[in-house]
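Fold and contact review
Residue-level listing of the chains:
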Amino acid sequence: MSGYHATRPSKGERWPKQPHVSAAFYCTAAGNEPVREWLNALDENDRRIVGQDIATAEYGWPVGMPVCRSLGKGLYEIRSDLAKGRIARAIFCVTGQRMVLLHGFIKKTQKTPKKELDLALKRMKEVTS
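Residues numbered from 1 in each chain as written. Predicted model: local features only at pLDDT ≥ 70, side-chain atom pairs only at ≥ 80, totals over all residues. Heavy atoms only, no water.

1. Some words on the pairing of strand S2 (residues 68–72)
Inspection of the sheet shows S2 paired to strand S3 (residues 75–81) by 4 bridges, in the antiparallel sense. Counterpart to Ser70 in the pairing with S3 is Tyr76. Here S2 folds back onto S3, and the loop between the two strands holds 2 residues, one of which, Lys73, carries a positive phi near 55 degrees. (Pairing = 2+ DSSP bridges. Helix = DSSP H or I, 4+ residues; strand = E, 2+ residues; numbered from the N terminus.)

Next up, the structure:
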């Protein structure tokens, strides 16, 4: 639905009982979950902010700006503004009813670096093939 924008529930409101898409972590052949590891390395406040933005995408999918943006080729990014002007991005794809979190990083430049997109594309091919 073009132009749709979901927001976090207002105080006193609740999320719907079921998410539209359920978040899942990309898992390597060795059993590692890079996005989960990245999230766990963030401090508690940053982790909470990114987690709330992931939940907004799960329960409000499809979600537009400012929470999510299409990167093309089936990739999307969750856009999280952290403390001290830092910006976090979690790149994901949607397959079936799953939102697969492929890669997470702290953004340091205006444009998403090609190496970050290439890694997410590689992981997406693994989960969709």
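2. Description of the packing of aromatic side chains
Following the criterion strictly, the structure yields 3 aromatic pairs and no others. Relative to Tyr76, the ring of Trp61 has its centre 5.1 Å away and its plane inclined at 85 degrees; by these criteria the two rings are edge-to-face. Of the two residues, Trp61 is situated in the loop between helix H2 (44–60) and S2 and Tyr76 in strand S3; the sequence distance between them amounts to 15 residues. Classification of Trp61 as buried rests on a relative accessible area of 17%. Put simply, the rings of Trp61, Tyr76 and Phe92 touch in pairs and so form one group of aromatic residues. (Phe/Tyr/Trp six-rings, centres within 6.5 Å; stacked < 30°, edge-to-face > 60°. Buried < 20%, exposed > 50% of the residue type's maximum accessible area, 1.4 Å probe, protein only.)

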